[in-house]
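# Structural overview for review
Below, each chain spelled out in residue letters.
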Amino acid sequence: MCEGHGSEEEEKDGRSVCRYYLRGWCRNGKRCEFSHRRPLCRYGDRCRYGRWCRYSHKITPRVSRVGGTKPGRHNVRNRQRREKRRVLIAEAKVSLVRVKELEDQLKLEEKQKSELHDPQVKRLEAQLRLVQEEKERLEHKLQHKEKHCQQVYDIWSTQCQRAEQEAEEKGAKLEELEKKHSDLEGVATEAELYETDLTNRLRQERNGNAELRCKVLDQQRALEREQKKTEQAVELGKQERADLEHRMESVLAQLQTQLQHIQEQVPVGHRTELALAQLQAQLQHAQRQLVLRGTAAGPAAP
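If you look the protein up in an unreviewed UniProt entry, it shows as C3H1-type domain-containing protein from Heterosigma akashiwo.

### Quick notes on the overall build of the protein
A count of helices and strands for the protein gives 5 helices and 2 strands. Going from the N terminus to the C terminus, the protein shows its helices and strands as β-α-α-β-α-α-α. For the protein, the residues scored as buried account for 11% of the 302 residues in total. Considering only intrachain contacts with a sequence separation of at least 6, the fraction spanning at least 24 residues in the protein is 54%. A total accessible area of about 27400 Å² is found for the protein, and carbon and sulfur atoms account for 52% of it.

### Focus: the side chain of glutamate 83
Structurally, the position occupied by glutamate 83 is in helix α3 (residues 73-115). No salt bridge is formed by the buried glutamate 83; the nearest opposite charge belongs to arginine 37, separated by 4.2 Å. Residue contacts for glutamate 83: discarding those within four places in its chain leaves Tyr21, His36, Arg37 and Arg38.

### Structural notes on a positive patch on the surface
On the surface, a cluster of positive charge is made up of Lys30, Lys58, Arg77, Arg81, Arg82, Lys84, Arg85 and Arg86. You can see lysine 30 is positioned in the loop between α2 (19-23) and β2 (40-41).

### Topic: the pattern of salt bridges
Enumeration over the complete set of coordinates arrives at 1 salt bridge. Ionic pairing is found between arginine 137 and glutamate 134, a salt bridge with its closest N-O pair at 2.0 Å. Placement of the pair is arginine 137 and glutamate 134 together in helix α4 (residues 118-265), with a separation of 3 residues, close to one helical turn.

### Points about the environment of glutamate 245
Structurally, glutamate 245 can be placed in helix α4. Accessibility expressed as a relative area gives 31% for glutamate 245, which makes it partly exposed. A C-alpha to C-alpha distance of 9.8 Å links glutamate 245 and alanine 286, two positions 41 residues apart in sequence.

### Details of a negative patch on the surface
Together, Glu164, Glu166, Glu168 and Glu169 give the surface a local cluster of negative charge. On the secondary structure map, glutamate 168 appears in helix α4. On the basis of relative accessible area, glutamate 168 is assigned to the exposed category, the value being 60%.

### A few points about the confidence of the model for the protein
Confidence in the prediction of the protein, expressed as mean pLDDT, is 76, and 78% of residues score 70 or more. For the stretch residues 1-12, pLDDT sits under 50, and the model shows 30 contacts to residues farther than four places along the chain or on other chains. A low-confidence stretch, residues 61-73 (pLDDT under 50), is modelled with 7 contacts involving residues beyond four sequence positions or located in other chains.

### A closer look at the packing of aromatic side chains
The description of two aromatic rings rests on the distance between their centres and on the angle between their planes. According to the stated counting rule, one finds 2 aromatic pairs in the structure shown. Ring centres of tyrosine 153 and tryptophan 156 lie 6.2 Å apart, and the angle between their planes is 35°; on these two criteria the pair is classed as tilted. Of this pair, tyrosine 153 and tryptophan 156 both sit in helix α4, 3 residues apart, which is roughly one turn of the helix. A cation over an aromatic ring shows up here: arginine 42 above the ring of tyrosine 43, its NZ or CZ 5.8 Å from the ring centre.

### A few points about the environment of cysteine 26
Mapped onto the fold, cysteine 26 is located in the loop between α2 and β2. With 67 residues separating them in the primary sequence, cysteine 26 and lysine 93 have C-alpha atoms 10.0 Å apart. Apart from residues lying up to four places away in sequence, cysteine 26 is in contact with Cys18, Tyr20, Tyr21, Cys32, His36, Ala90 and Glu91.

### Some remarks on the side chain of serine 35
The residue serine 35 is located in the loop between α2 and β2 in this model. Classification of serine 35 as buried rests on a relative accessible area of 2%. Separated by 3.5 Å, the side chain of serine 35 and the backbone nitrogen of arginine 37 make a polar contact.

### Digging into the state of the cysteines
Applying the stated criterion across every chain yields a total of 0 disulfides. Free of any disulfide, cysteine 26 has its nearest neighbouring cysteine sulfur in cysteine 18, separated by 3.8 Å.

The rules behind each value
- Residues numbered from 1 in each chain as written.
- Predicted model: local features only at pLDDT ≥ 70, side-chain atom pairs only at ≥ 80, totals over all residues.
- Heavy atoms only, no water.
- Helix = DSSP H or I, 4+ residues; strand = E, 2+ residues; numbered from the N terminus.
- Buried < 20%, exposed > 50% of the residue type's maximum accessible area, 1.4 Å probe, protein only.
- Contact = heavy atoms within 4.5 Å.
- Areas by Shrake-Rupley, 256 points an atom, 1.4 Å probe, with all protein chains shown as cover.
- Lys, Arg positive; Asp, Glu negative; His and termini not counted.
- Salt bridge = Lys/Arg side-chain N within 4 Å of Asp/Glu carboxyl O.
- Patch = residues over 30% accessible without salt bridge, like charges linked within 9 Å, V, L, I, M, F, W, Y side chains within 5 Å.
- Charge placed at Lys NZ, Arg CZ, Asp CG, Glu CD.
- pLDDT = per-residue confidence, 0-100.
- Phe/Tyr/Trp six-rings, centres within 6.5 Å; stacked < 30°, edge-to-face > 60°.
- Lys NZ or Arg CZ within 6 Å of the ring centre and 35° of its normal.
- Polar contact = N/O pair within 3.5 Å; in protein donor to acceptor, adjacent residues only side chain to side chain.
- Disulfide = S-S within 2.5 Å.

Spelled out as structure tokens, the structure:
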């Protein structure tokens, strides 16, 4: 689009050009605060829009400082008249558009009124009544719901307060439990130390028990050896006793045979009685020795 420059009159007037006037449809007309004078096009004859350009292509002679020609009054008046005509035409176009819109609206309203009949009006009134009743019923429901919501909010607020109190109580209990937990941790550490001491003691006792077991086993083995030796000695004593008893029996049998032989051959006298008494004493002494040896060998057995 071409950009325009303000003319000398506009510069003197001090107002900028109305953009809507340049487009041809300013609504305010004479009441517009901006200027309704077309500025000269800066491109002049080189403008590609030609006569359809929104800016003016008429070159007005300017007065030089040295001297020159001035435009006549009739040219200025004609230009003002043309501008007024253009403004009036634009305002007329806008007013025509508004009149057409109003006519269309009136036609539509007349059609709607002509189409509506009495039963339709009654039906619409009944519908309006139903709508009003429904509206009242909904308002009543809304009031009831508001009351219910208020009650629920009160209950919820009381529950929240109780929950906060319970949370505070639980927090205090948790602090107490944490203290107890810390105490229990201290006790647990002490118990672990005591347990380690006990394990060390048990290990030492186990080591000592192992040594004692070894000693006991050694003693048991020594006792078994001694028992075997005593058993062997008892068996030897039994054999010796049996041999001695056999010998003593043989000796007693010989002595008895000698006594019988002497009694048969020698007559009875004082000397023979003494000899018999000596032999009997020897027999008793031999029997006592056998008994003593048997008692001495008997307790040695297990």
